[in-house]
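# Per-entry structural report
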Protein chains: 4
Amino acid sequence: MSQHIHVTVWNEYRHEKKNEKVASVYPEGMHTAIAQGLDVAGEITIATLDDEEHGLTHEVLERTDVLIWWAHTAHGEVQDEIVNRVYDRVLKGMGLIVLHSGHFSKIFKKLMGTSCDLKWREADEKERIWVVKPGHPIVEGIGEYIELPQEEMYGEHFDIPEPDELVLVSWFEGGEVFRSGCCYTRGAGKVFYFRPGHETYPTYYNPQVRKVISNAVKWAAPVQRDYPVYGNAKPLEIIKGQ
Amino acid sequence: MSQHIHVTVWNEYRHEKKNEKVASVYPEGMHTAIAQGLDVAGEITIATLDDEEHGLTHEVLERTDVLIWWAHTAHGEVQDEIVNRVYDRVLKGMGLIVLHSGHFSKIFKKLMGTSCDLKWREADEKERIWVVKPGHPIVEGIGEYIELPQEEMYGEHFDIPEPDELVLVSWFEGGEVFRSGCCYTRGAGKVFYFRPGHETYPTYYNPQVRKVISNAVKWAAPVQRDYPVYGNAKPLEIIKGQ
Amino acid sequence: MSQHIHVTVWNEYRHEKKNEKVASVYPEGMHTAIAQGLDVAGEITIATLDDEEHGLTHEVLERTDVLIWWAHTAHGEVQDEIVNRVYDRVLKGMGLIVLHSGHFSKIFKKLMGTSCDLKWREADEKERIWVVKPGHPIVEGIGEYIELPQEEMYGEHFDIPEPDELVLVSWFEGGEVFRSGCCYTRGAGKVFYFRPGHETYPTYYNPQVRKVISNAVKWAAPVQRDYPVYGNAKPLEIIKGQ
Amino acid sequence: MSQHIHVTVWNEYRHEKKNEKVASVYPEGMHTAIAQGLDVAGEITIATLDDEEHGLTHEVLERTDVLIWWAHTAHGEVQDEIVNRVYDRVLKGMGLIVLHSGHFSKIFKKLMGTSCDLKWREADEKERIWVVKPGHPIVEGIGEYIELPQEEMYGEHFDIPEPDELVLVSWFEGGEVFRSGCCYTRGAGKVFYFRPGHETYPTYYNPQVRKVISNAVKWAAPVQRDYPVYGNAKPLEIIKGQ
């Protein structure tokens, strides 16, 4: 595993400019809070929707080991060409961490092959995120649960493929549960979905949330290995009658 | 589980019309051989690429419990609108069985979220398909392995998500292995990929291959249940401070 | 799948004889309530701890397709020989449904390979069991959730192997979550763990709980197939130099 | 993840003393070849069956991060007390790598909950181990496959639970396939089964085999985290009517 990791934090960066409440919580944008919370040896690049090519040029993506994705209100504005570019990089090995409302992003839906729909509610309610896979590197240093005094509720059924590894499950005050930390492999790349992070709450300043994201970056970093060879293949053994 | 199953067998149906060898093996089309091999109580509908709407109208899909898909040479001619229609039906519960070269169909790639690429070779070589999950309903009545004297080779790496259940693994004379029977859930629907069935070989007359497909149809038939409710949700419990 | 299923309901049957409250809820024993709730075509046998050989003679087990297991206070009294007998039958294909406090039974721990420990609390609190795998046959006919007004709490971390399929997740009033419906394969046999059913509550009269257990019986019924051949094997192909 | 890893290599160490052919391949014992192949920052301890307490005292196990296990002819001589000691350490987080004929060890069977039986043949045949999960850290630096000119054959059905992650699948000259690299979690511990390594072949000198084992050690190293709290739990939320 590479020790020096190039992380790109991608943020839609719209709520912060338009909504006073969000701006007061994240005055420099959610990407800044997410980036500042990363305890990872390496480099961090910021990219946002309104940058040229959404900040995700071929050059940026080529040197990105792990891409973090936060988006909510403008999924439709992300160009299909860029989505396909990110998708290709994931299959080639780039890690992808999808946060909160990113569940409805084009890239997450394309990688999952499902609607990624869910129940939701904004009611300032308590969320308690329980660890259900205690030996997983993504929960290193995390207690039995993470408690967030106020969050948006996401509830089951969450229309995702059965996770390769289910690490976290949320309890909500209003009566729902949610699979909140889900690991997948797609091609040579690893994908982690992590639920919390509604724009009106200071969730990305929470040390435990930051720790999970930092752990996930290390877990999702690419393995150094040649990409598989596909297509027509000569036999490795003698075939009778040939 | 519904006992009376409506199966739709979809076939590209091009090789049979253009290639003499294929026509001699499947004079009435591969779909006919597949349909005749189904030991399932219910009704069978045939649909092909050159039918209007590829034979997959809303009406046909609405009453289809399980769709079987064979295609190879004309994946690109399948209209995106029809692909999306099939996709929506799978998420709502319709079973889908993807055969052989259907691995590269738009619908399979869309449901998997990966390239679905693989190694391949046409060399009239032997394939031996081993059962690795003996208690699975898809291998009911199947011996330890199915031996096919001549088949096209498909080899790893097969770029699919890790199967929810891996039921069959192939050995090839030329030295490769392949995950040949793979179960997935997508939304409320079940998906089974089954490897064998190159158009120039009489694979779909093989009784064991037919048995696997028949079993897969029963396994993939929809469960009778209301579709989940998504979207904004009222709390089921009282939220403090509200 | 066999349509005619032989079910054996095994109950420790001690609480009902000693505890007035339990006796008032289950006057004929919990096994009777469980058996009466089974909507399965076939035969039902009752077996209890204090029967000779715990009611699980070779003859009984040989003809059992699916064994249901409820126990709590006397796990240690189950003889190892009988545990091994049940274990062997599961590996040979018999289905096993482990209910509630059966999580700590010798047979469940032996099949799981983990401690099967958990958090618990008796506080007459509300449980809401959410469906997280809507297309699974075990939740056929079940709504989005099952609500039980009073149950014992079981909370994470539940020390089980990651389920092959996670079907149900519980929310508890006191703030915990729990993986409540878990599918496994062991050898040729299927195992389903289902959480609810504390002895002081009328849980096994609940129509939705009964439906889940009935569905699970059908899901866990053995596949008709020869048991795999193990041990020394002659080559199926010519080995060079031999 | 801990960077400094304490590895204990456990070897039955009997074949080497009794069988001239094995002694000629592994003159200092298989454990020495395995230990010399480890490219891991940390310390390596050797332990063998005939050491006091099999070399696995409480002290040794307490400081072991990852235990490697090779055994074949004397599984029955391993004391149950020591097996339970290793089992407890795995559930608490110690990694375990089980090699080749270790599939029939008491500890592996106890952790798997199945018979762990398989087909086998000693016929000096070729094995080709294919990578089926290219992004997994255990295959970092490994090519598309590892070819071993002569090995013992292990064939399906291999009676193990469906692996949490299937990383490697073997092709054998004699016509079989085998799931050769299998990841599991048990409690807080990670378990990796790796097939190759018959005592009469120089398999543990193969650089690719050594690389896989070294990668597996890093993958299986424990996560730093408090062990979960089990047992009676006070509510985290107010329960109505209490």
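What counts and what doesn't
Sequence order as written defines residue numbering, which begins from 1 separately in each chain. Key to labels: chains lettered from A, ligands numbered from 1, both in the order written. pLDDT decides what is reported in this predicted model: residues at 70 or higher carry local features, side-chain atom pairs at 80 or more are listed and counted, and totals for whole chains, interfaces and linings draw on all residues regardless. Values reported for side chains reflect all heavy atoms of the structure, with hydrogen atoms and water molecules removed beforehand. Numbered from the N terminus, helices here are DSSP runs of H or I no shorter than four residues, and strands are runs of E no shorter than two. Throughout, exposure labels follow a simple rule: accessible area from a 1.4 Å probe, protein chains only, divided by the maximum for the residue type, with under 20% read as buried, over 50% as exposed, and the rest as partly exposed. Per-residue and other accessible areas were derived by the Shrake-Rupley procedure at a 1.4 Å probe size, with only the shown protein chains allowed to occlude residues. Counted as positive: Lys and Arg. Counted as negative: Asp and Glu, with His and the chain ends omitted from the count. Each charge is placed at NZ for Lys, CZ for Arg, CG for Asp and CD for Glu. Contact between two residues is taken to exist if any of their heavy atoms lie within 4.5 Å; hydrogens are not considered. Buried area, as used here, totals the accessible surface that two parts lose on assembly, with accessibility defined by a 1.4 Å probe and the loss added over both. Whenever Lys or Arg places a side-chain nitrogen within 4 Å of a carboxyl oxygen from Asp or Glu, that contact is recorded as a salt bridge. Here a polar contact is taken to be a pair of N or O atoms separated by no more than 3.5 Å, where protein atoms must pair a possible hydrogen donor with a possible acceptor and residues adjacent in sequence count only if both atoms sit in side chains. How far a helix is expected to stretch is found by multiplying one less than its residue total by 1.5 Å. Think of it this way: DSSP has to see at least two bridges between two strands before they count as a pair. A clockwise path from the first strand over the helix to the second, with the strands pointing away from the viewer, defines a right-handed crossover. To superpose the copies, least squares is applied to the C-alpha atoms of every residue with a pLDDT of at least 70 in both. Under the convention adopted here, Pro, Cys and the residues Ala, Val, Leu, Ile, Met, Phe, Trp and Tyr are nonpolar, Asp, Glu, Lys and Arg are charged, and Gly plus all remaining residues are polar. Stacked, edge-to-face and tilted labels apply to pairs of Phe, Tyr and Trp rings (six-membered ring for Trp) whose centres lie within 6.5 Å, assigned for plane angles under 30 degrees, over 60, and everything in between, in that order. Only when the NZ of Lys or the CZ of Arg is both within 6 Å of the ring centre and within 35 degrees of the ring normal is a charge said to sit over the ring. For patch detection, residues must exceed 30% relative accessible area and be free of salt bridges, and they are connected within 9 Å for like charges or within 5 Å for nonpolar side chains (Val, Leu, Ile, Met, Phe, Trp, Tyr). Buriedness of a pocket was judged along seven lines, with at least five required to meet protein on both sides within 12 Å; pockets are open sets of points on a 1 Å grid over the protein atoms alone, cavities are sets where a 1.4 Å probe fits but cannot get out, and lining residues have an atom within 4 Å of a point. Grid points are joined across faces, edges and corners, and a volume is the space filled by probe spheres set on the points. UniProt positions are given in the numbering used here, feature names are shortened, and annotations may be inferred rather than shown by experiment. Throughout, disulfides are identified as pairs of cysteine sulfur atoms within 2.5 Å of each other.

## What about the overall build of chain A?
Across its full length, chain A carries 7 helices and 10 strands. Seen through its principal axes, chain A has C-alpha atoms that stretch 70 × 40 × 35 Å. Here chain A holds 242 residues, and 69% of them are scored as buried. Summing over all exposed atoms, chain A offers an accessible surface of approximately 8,000 Å²; the carbon and sulfur share of this is 48%. When the 26 basic and 37 acidic side-chain charges of chain A are each reduced to a single mean position, those positions are 5 Å apart.

## So, the interface of chain C and chain A
Listed by partner, the interface residues are 25 residues for chain C and 25 residues for chain A. Across the chain C to chain A interface the summed buried area is about 2,000 Å²; carbon plus sulfur atoms make up 55%. Contact with chain A buries surface across chain C, with Trp130, Glu162 and Trp171 of chain C losing the most and accounting together for 27% of the total. Run the count over chain C and chain A and you get 6 salt bridges. Our count for the chain C to chain A interface comes out at 17 residue pairs in polar contact (both at pLDDT 80 or more). Those elements that place two or more of their residues in the side of chain C that touches chain A are β5 (119–131), β7 (165–172) and β8 (177–186) of chain C.

## Some thoughts on the side chain of His198 of chain C
Tracing the backbone through its elements, the reader meets His198 of chain C in the loop between β9 (189–194) and α7 (207–220). Other than its neighbours up to four places away in sequence, His198 of chain C contacts Met30, His100, Glu122, Glu151 and Glu152 of chain C.

## Some words on unusual backbone geometry
Following Glu156 of chain B, the chain continues into His157 of chain B via a peptide bond in cis, with omega recorded as 10 degrees. By secondary structure assignment, the location of His157 of chain B is in the loop between β6 (145–155) and β7 (165–172). For Asp124 of chain C, which is not a glycine, the phi torsion comes out positive at approximately 50 degrees. When you line up the elements, Asp124 of chain C lands in strand β5. With relative accessibility at 32%, the residue Asp124 of chain C sits in the partly exposed group. Despite not being glycine, His54 of chain D shows a phi value in the positive range, around 55 degrees. Here His54 of chain D shows up in the loop between β2 (42–48) and α4 (58–62).

## Section: helix α7 (residues 207–220) of chain A
All names here are of chain A. Look at α7: 20 Å from first C-alpha to last across 14 residues, which is about the 20 Å you get at 1.5 Å a residue. For α7, the buried fraction is high: 10 of the 14 residues fall into the buried class. Within α7 the residues assigned to the buried category are Val209, Arg210, Val212, Ile213, Ser214, Asn215, Ala216, Val217, Trp219 and Ala220. One side-chain oxygen of the residue at the start of α7 lies 2.7 Å from the amide nitrogen of Gln208, identifying that residue as Asn206.

## Focus on the pairing of strand β3 (residues 66–70) of chain A
Residues and elements named next belong to chain A. Within β3, 5 of the 5 residues are buried, which leaves the element mostly enclosed by the surrounding structure. Burial along β3 is two-sided: Val66, Ile68 and Trp70 and Leu67 and Trp69, pointing in opposite directions, are all buried. Sheet analysis places strand β1 (residues 5–11) next to β3, joined by 5 bridges and oriented parallel. Bridge pairing in β3 places Trp10 opposite Trp69. In terms of strand pairing, β3 meets strand β4 (residues 95–99) through 4 bridges, oriented parallel. Of the residues in β4, the one forming a bridge with Leu67 is Leu96. Following the chain from β3 across helix α5 (residues 80–92) to the adjacent parallel β4, one finds a crossover that is right-handed.

## A short note on the relation of the copies chain C and chain A
Rotating chain C by 180 degrees and translating it 0.0 Å along the rotation axis places it on chain A, where the RMSD comes to 0.0 Å. A rotation of that kind, with that shift, is consistent with a two-fold axis. For chain C, the smallest separation between a C-alpha atom and the rotation axis is recorded for Trp171 of chain C, amounting to 3.3 Å. A symmetric contact is evident, with 100% of the interface residues of chain C recurring at the interface of chain A.

## Concerning the interface of chain B and chain A
Quite often, the size of an interface is put as the accessible area lost when its parts meet. Counting residues at the interface gives 44 residues for chain B and 44 residues for chain A. It is Glu173, Tyr230 and Ile239 of chain B in chain B that bury the most area against chain A; as a group they hold 17% of the surface buried on that side. Run the count over chain B and chain A and you get 0 salt bridges. Counting across the chain B and chain A interface gives 30 residue pairs in polar contact (both at pLDDT 80 or more). Contributions of two or more residues to the side of chain B that touches chain A are made by α5 (80–92), α6 (106–112), β5 (119–131), β8 (177–186) and β10 (231–232) of chain B. Taken together, the residues of the side of chain B that touches chain A sort by class into 18 nonpolar, 11 polar and 15 charged. Sheet analysis places strand β5 (residues 119–131) of chain A next to β10 of chain B, joined by 2 bridges and oriented parallel. Its bridge partner being in β10 of chain B, Trp120 of chain A is matched across the sheet by Asn232 of chain B.

## So, the environment of Asn11 of chain B
Residue and element names in this part refer to chain B. For Asn11, the position within the fold is in strand β1 (residues 5–11). For Asn11 and Thr57, which are 46 residues apart along the polypeptide, the C-alpha to C-alpha distance reads 15 Å. Contacts of Asn11, omitting those with residues within four sequence positions, involve Glu16, Gly29, Met30, His31, Ala47, Thr48, Leu49 and Trp70. At a separation of 2.8 Å, a polar atom in the side chain of Asn11 contacts the side chain of Glu16. Separated by 2.9 Å, the side chains of Asn11 and His31 make a polar contact.

## Thoughts on the packing of aromatic side chains
Evaluated as defined, the whole model comprises 46 aromatic pairs over all chains. Each ring, one from Tyr227 of chain B and one from Tyr230 of chain B, has its centre 5.7 Å from the other, and the planes form 70 degrees; the classification is edge-to-face. The exposure class assigned to Tyr227 of chain B is partly exposed, which follows from its relative accessible area of 31%. Its guanidinium or amino end placed over the ring of Trp171 of chain C, Arg128 of chain C lies 5.0 Å from that ring's centre, counting from NZ or CZ.

## Section: a positive patch on the surface
Residues Lys109 and Lys110 of chain A together with Lys109 and Lys110 of chain B make up a contiguous surface patch of positive charge. Mapped by element, the contributors of at least two residues to the positive patch are α6 (106–112) of chain A together with α6 of chain B. With respect to the secondary-structure elements, Lys109 of chain B resides in helix α6.

## Description of empty space enclosed by the protein
Per the counting criterion, the structure on display carries 16 cavities of 30 Å³ or more. Reported here for the largest cavity is a volume of approximately 400 Å³. Around the largest cavity, the lining is made up of 22 residues, and of these Asp164 of chain A, Asp164 of chain B, Pro163 and Asp164 of chain C together with Asp164 of chain D lie nearest the centre. Classifying every residue of the lining of the largest cavity by side-chain character gives 9 nonpolar, no polar and 13 charged.

## A short note on the environment of Pro163 of chain C
Residue and element names in this part refer to chain C. You can see Pro163 is positioned in the loop between β6 (145–155) and β7. Along the primary structure Pro163 and Phe192 are separated by 29 residues, whereas in three dimensions their C-alpha atoms are 9.5 Å apart. Not counting chain neighbours up to four residues away, the residues in contact with Pro163 comprise Arg179, Cys182, Cys183 and Tyr184.

## A look at the UniProt feature "domain: ThuA-like" (unreviewed entry) in chain A
Mapped onto the present numbering, the UniProt feature "domain: ThuA-like" (unreviewed entry) falls at residues 7–220 of chain A. A distance of 11 Å separates the end C-alpha atoms of residues 7–220 of chain A, which is 27% helix and 33% strand.

## Description of the state of the cysteines
Summed over all chains, the structure comprises 0 disulfides over all chains. Free of any disulfide, Cys182 of chain B has its nearest cysteine sulfur in Cys183 of chain B, 7.7 Å distant.

## Looking at the environment of Lys21 of chain B
Checked against the element boundaries, Lys21 of chain B lands in helix α2 (residues 20–25). Separated by 180 residues in sequence, Lys21 of chain B and Tyr201 of chain B place their C-alpha atoms 9.1 Å apart.

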